[in-house]
Every structure is written in C-alpha cells, then in structure tokens.
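Listed below are the residues making up each chain.
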Amino acid sequence: MYKISKSTHLLSLVLIAIGLISTVYAFINDSHAAWTSLIFNNYFFLGISIFAVFFVALQHVAEAGWSTVIKRVPEAIMTFLPYTCAVMIFIVIAAMLHWNHIYHWMEVGIMTEGAPNYDKIIAGKEAYLNPIFFLVRSIIYVVVWIYCAKRLRDISLQGDLEGGIGKNSYNKGITVSAWFIVFFAVSSSMASWDWIMSIDTHWFSTLFGWYIFSEWSAIGFTTILLFCLFLKKQGYLQDLNDSIIHDLGKWVFAFSVVWTYMWFSQFMLIWYANIPEEVTYFMERIELSNYRFLFWFSAAINFVVPTIVLMSRDAKRNTNFLIVASVVILIGHWINSYLLFAPGTLHDHGHLGLTDLGMGLGFLGLFFYVVFRSLTTRPLSVKHHPFLDESKHLHT
Amino acid sequence: MSKKVIHAIFDDEEILLQSVKEIRSKKYDIEEVYSPFPVHGLDHALGLKETRMAITAFIYGCIGLSFGGLLIYYIMISGVGKSWPMNIGGKPNFTFYQNVPSFVPIMFECTVLFAGHLMSLTYFYRNKLYPGASTKSPDPRTTDDKFLMELIVEDSDKEITKILKSTGASEINEKNIEDE
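The shown structure was predicted, so the numbers you read here are calculated from the model rather than taken from an experiment.

**Student:** Help me understand the overall build of chain B in this model?
**Tutor:** From N to C terminus, chain B includes six helices and four strands. Taken from the N to the C terminus, the helices and strands of chain B come in the order β-α-β-α-α-α-α-β-α-β. Over its C-alpha atoms chain B spans a radius of gyration of 26 Å, topping by over 25% the 16 Å that the globule rule assigns to 180 residues. For chain B, buried positions account for 15% of its 180 residues. In chain B, once contacts between residues fewer than 6 apart in sequence are set aside, the share between residues at least 24 apart is 75%.

In structure tokens, the structure reads:
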C-alpha cells in the first residue's frame, strides 16, 4: 500500500493553489487567452490519462507479461481521466454558448448564406461540424473511455482474488480491452479532429489523428516511467527490476522518435507541396515571431534530447538519465500542445506566459492529488496474476 | 599434464543456465556454450564482455548520414545540380540548408541502410562466418533441441563430472587432447 508523504501532499496542494490563482487571474485579465490556456493544459493531461487506459488495454490484449509489476501505476493514472474529460466537455459546452471563441466555425452566421461573415468552405462542413453533433460525439468519446477505464480497474482488482489464466477476470479483461482498443482507434483520431484540428477550420491533415496519438503515447509512457521511478525511490514497488525500467525507457525513446516521424511527415509533405490552403497552418507557426522559436525549439528538444540521452542501453537503465530525458520530453510536449491550440485561437497575440505555466502547474497539482490518492486505495503489487512471475524475472 | 575436453549436453535452457552459474561459482572456466537459440541471461551468466555492436552501429549510422548528405548535396546542389538545376515545387535549389526537409528522407534511409548492412557484415566478420565456412559446433544436435557446454579441464579432474551430473547434464562426453 502506498502512503502519501506529507511533502507530496503539500506539493500537490501548493500547485493546485498556484493553478487556482493563475486561472482566476487569467480569466480576469484576458479571458480569450485564458480559455486557450485551459484547453491546452487540459488536453495535455487528458492525453496522459487516456494513454494509461490504452496502455493497460494493450497489455491485456497482447497478454503481455513484462509490465505486470507496474500495472497499478497506469491504473492509478487513469483515475485522472474523468476530471480532464469533464473539463473538456465543459469547454465544448462553453464554446456552444459562446463563452469562448476557441472554435472559429461556431461563430454565429458563419454557415448562413448572406451573413456578413459567411464562409462557404466552413458552411460545406456543416454536416460534420455542427454544435449538437460535436457535443454528442464528444460525450460519446469520454463516456466510453471513462467506462472502459473503470471496468479495467475493477477487473484488475477482481483478478487479484481469482488469478490464473482463463478465469472470469482474465477473459473479461481481454474482452473489454479489445473493444476499447477498437473504439479508441477511431475515437482518438476523431477526438483530435474535433477538439484540435477543427480550430484551424480550413486546414486539415489526414495524419493528424496519428500525430496526436503519438504525442499521447510519448507523454503517457514518460509519465508512467516517472511514477515508477518515483515509487521505487520511495521504497515501494520492490519487484520493479532494471529490465522493466529499461523496457519503459525503450518505449519513451521509441515514441519520441515516432512523434518526430509524424511531425516531420506532416510538415515535409505540406512544405514540399506548398499548397496555399495547407501551408497556412505552418505559416502561422513559423512566420509569426511569437511562435517561431517555440515551434522549432519544441520539435528539436522532443527529438534530439531523447535520441541523444536515451540511445545507449546503459542510459535506459540509469535513473538520472531517464529523469532528465523524461522531464525534457514532458516540457517539450507541453510547449507543443500549446502550439496545437494557440496559433489557431489567438493568432498573432498569443504568448506562452506565466499564466499558462501557472494553469499547467495547477493541473499538475490536481493530477498528483488524484493519482497519489488513488495509489493509496489498492495494493501496489498485483496478487495471483498469471504473468506476475514472468514480470518479476524479466530479463532483457 | 594432459587436458581433456568435456562436452556436456543439456535438455533445457533453464537447467543449462543454473549449471553455468554453479560451475562458474566453483571457479571453472567454460570454454563455450552451443545453443539452438539465444538464451536470455546466458551472456551475463557466462561473464561475457558486453557487446560493442551498439558502438559500431552508431559509427556506421554516422557514416551513412554523412554519405547521404554528401550524395544529395552532389546530386541536387553542387555537382549534377549545378549543371542541370531542377525546379521542384518552386523550392530554392542553390542552397543545401533551405532544401534540407526534402533531403531528410534520403539521409535517413542512408543512415538505416549503412547501419543495418555494415552491422551484419561486422557480425559475420567477427564470427568468421564467410561463404563455405564449416560449423564449429561439436555436436549437430545443438542445432535442434540440445544445449552443449564445452569445458577444458585437467585430465585428473574428476570433480567436474560430478558437478555436471548433479546440475542436470543429460550426457557427458570426454575427449583427451594431446599436450603440445
């Protein structure tokens, strides 16, 4: 059983306080920027928590043994999913009520012929991009995700009692996971089109869903790895051997490279073809001086740091190397999340500033609070799991 | 003192692994182990030196990257490209750095190609595997389902046979080798 130490508890509370102050200040100061800040920070943590569900589902479907020892960590991370999903739905409803102007296509009159701001291209997308369908879709995604997360958590606890292959909990886990993965394959792509790509309404990329998924994977694995290292350092998870950490390090490395691959594939084709309606997306990010540095900087550190720091086998088994690389990756992807939203909503007056950071810290504090709390609710080590022994003696 | 070669046959890789650990803890040197497939942890148990293949891979990758860069620089910019400038998508074709995104795939592929092929060749060279090489395995059953441990010990040593038997060797063959 994990027990929250006083300093951890205090840290999460301080971070939540910083977040609350930043949020209030941001909304009083510049509510347009504040909504962008809210949605991108929320997106970042939503990615981490939904990826934890995907991770557990993947282990079930693949009948993977290596990760059994650390199974409780993603299970704890996924308890943050309902909070981020609730904020996301709140943002969507607020957008429909015109409290915020994140989604350009929701503007009144933009799809009615004859209105001064009528946009023929956006009007052509009305069948898909209309507020009611948008809300219904969003609710379907999050409800199924949260339901699957809850089921997987329950099944895991049930598996502690039953154990063994072919038992009720084991088969149920595979069934739920398989359905979740099929649903997630479609819904993760659609959610990224809806919530992120539709901000730049005229622009589209067929690669976008995969690009977002690769980002979720990179930050998701990094977070799981950091929690594992933290718990091990605190004296928990004693079965966690170097090989499992090494494997997690490989995943972090691999998905950083996958992210770069997706980023570059999307960038290179658009850059090369140079078609006006496509390049607008990158023009906003490269030509505007307030995003140019962040754009190149985040792309560079998200690739170069994990590649150089984590390339060798010894580095993936060295806690300090892993922590440095992980923290840099999280910062890099946090900046990149900002760049997914801000240029489309704030155009030339967006600045990644202290309020964005403050809100991010607030989310981090809440994340710590929820995840550490849920770590205390169940034993950190799985019992009677059929692959537990394999995981304990993993050797790579 | 004459020496003898012992070939101990094992049926299972777990038993082999335990036996290797046991024998090494008794200060015997294991000459070689022949196995039909890679056994996890065997290299560690045998106390083999860490492979330097990763370092060679990195070097070969760097060579490939440089080669790809030079190749595309010659083709598109400096050599052929200067004589026949190619206008592709209206991209500037006089400078390397302005064109770098379109050159990345070529440089990436060259990196992978060089690293992959040169690593294979290095592996064959280090293991002396050339066309027509004869097998070094003393027993053809090691290509099927048996594991063979090879030791060279003093002729008078009777202890080792006992240890091998007790750790689960299914068959032990001894052969004397002449003193040189």
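After that view of the structure, there is still more to cover.
**Student:** How do you make sense of the pairing of strand β3 (residues 147–154) of chain B when you look at a structure like this?
**Tutor:** Two faces belong to every sheet, and in a regular strand the side chains alternate between them. Residues and elements named next belong to chain B. Relative to β3, strand β1 (residues 3–10) is paired through eight bridges, and the arrangement is antiparallel. Bridging from a neighbouring strand, H7 pairs with E150 of β3. Pairing of strand β2 (residues 30–34) with β3 involves four bridges; the strand directions are antiparallel. For Y34, the partnering residue across the bridge sits in β3 and is L148.

**Student:** Sorry if this is basic, but what is going on with unusual backbone geometry here?
**Tutor:** Leave glycine aside and you will find that most residues have negative phi; peptide bonds, for their part, are mostly trans. A positive phi is found at N274 of chain A, a non-glycine position, where the angle reads about 60°. Here N274 of chain A lies in the loop between α9 (242–273) and α10 (276–287). Positioned with a positive phi, K128 of chain B is a non-glycine residue whose angle comes to about 50°. Looking at the element boundaries, K128 of chain B is found in the loop between α5 (100–126) and β3. By C-beta crowding, K128 of chain B is classed as exposed, having 8 other C-beta atoms within 10 Å.

**Student:** Honestly, the sheet that holds β1 of chain B in this entry has me stumped. Any pointers?
**Tutor:** Residues and elements named next belong to chain B. With antiparallel pairing, four strands are arranged side by side in an open sheet as β2-β3-β1-β4. The open sheet is flanked by β2 and β4 (171–177), the only strands paired with a single partner. Across the sheet, the mean angle from the axis of one strand to that of its neighbour is 20°, orientation sign disregarded. As paired strands, β1 and β4 are joined by seven bridges and run antiparallel to one another. Bridging across to β4, K3 finds its partner in I177.

**Student:** Explain the interface of chain B and chain A to me, please; I cannot follow it from the model alone.
**Tutor:** In many reports, interface size means the accessible area that the parts give up when they come together. Listed per partner, the contact involves eight residues of chain B and ten residues of chain A. The element contributing the most residues to the side of chain B that touches chain A is α5 of chain B, with three residues. A breakdown of the residues in the side of chain B that touches chain A according to their chemical character gives three nonpolar, five polar and no charged.

**Student:** Looking at this structure, I do not really get the packing of helix α2 (residues 31–61) of chain A against helix α4 (residues 81–96) of chain A. What am I missing?
**Tutor:** Helix packing geometry: the angle between the two helix axes and the distance between the axes. All names here are of chain A. Taken N-terminus to C-terminus, the directions of α2 and α4 make an angle of 140°; their axes are 9 Å apart at the nearest point. With respect to α4, the axis of α2 lies oblique. For the crossing formed where α2 meets α4, the hand is left-handed. Contacts between α2 and α4 involve L38, I39, N42, F45, L46, S49, I50 and V53 on the former and, on the latter, L81, T84, C85, V87, M88 and I91. Its residues assigned to classes, the contact of α2 with α4 shows eleven nonpolar, three polar and no charged.

**Student:** Looking at this structure, how should I read the domain arrangement of chain B?
**Tutor:** Structurally, chain B comprises domain 1 (3–36 + 145–177) and domain 2 (53–126). Placing the centre of domain 1 of chain B and that of domain 2 of chain B at their C-alpha centroids yields a distance of 49 Å.

**Student:** I keep staring at α5 of chain B and nothing clicks. Help me out?
**Tutor:** It helps to recall that an α-helix has 3.6 residues per turn; residues three or four apart then point in one direction. Residues and elements named next belong to chain B. The end-to-end C-alpha distance of α5 is 37 Å, a good match for the 39 Å that 27 residues give at a rise of 1.5 Å each. Taken as a whole, α5 has its buried residues at C110, T111, F114 and A115. At its buried positions, α5 is contacted by α3 (53–78).

**Student:** Help me out: how do you make sense of the environment of N42 of chain A in this one?
**Tutor:** Residues and elements named next belong to chain A. Its place among the elements puts N42 in helix α2. With 23 C-beta atoms counted inside 10 Å, the residue N42 sits in the buried group. Here the alpha-carbon distance between N42 and Y83, two residues 41 residues apart in the chain, equals 9.1 Å. Those residues in contact with N42 that sit more than four places away from it in its chain are T84, V87, M88 and F363.

About the cut-offs
Residues numbered from 1 in each chain as written. Chains lettered and ligands numbered in written order. Predicted model: local features only at pLDDT ≥ 70, side-chain atom pairs only at ≥ 80, totals over all residues. Helix = DSSP H or I, 4+ residues; strand = E, 2+ residues; numbered from the N terminus. Rg over C-alpha atoms; globule rule 2.2 N^0.38 Å. Buried ≥ 20, exposed ≤ 12 C-beta atoms within 10 Å, placed from the backbone. Contact = placed C-beta atoms within 7 Å. Pairing = 2+ DSSP bridges. Axes fitted to C-alpha atoms, helices over the stretch in contact; angles between N-to-C directions. Nonpolar A, V, L, I, M, F, W, Y, C, P; charged D, E, K, R; others polar. Parallel < 35°, antiparallel > 145°, perpendicular 65-115°, else oblique. Left-handed = near helix turned anticlockwise from the far one by under 90°. Domains from an automatic or database assignment. Expected span 1.5 Å × (residues − 1).

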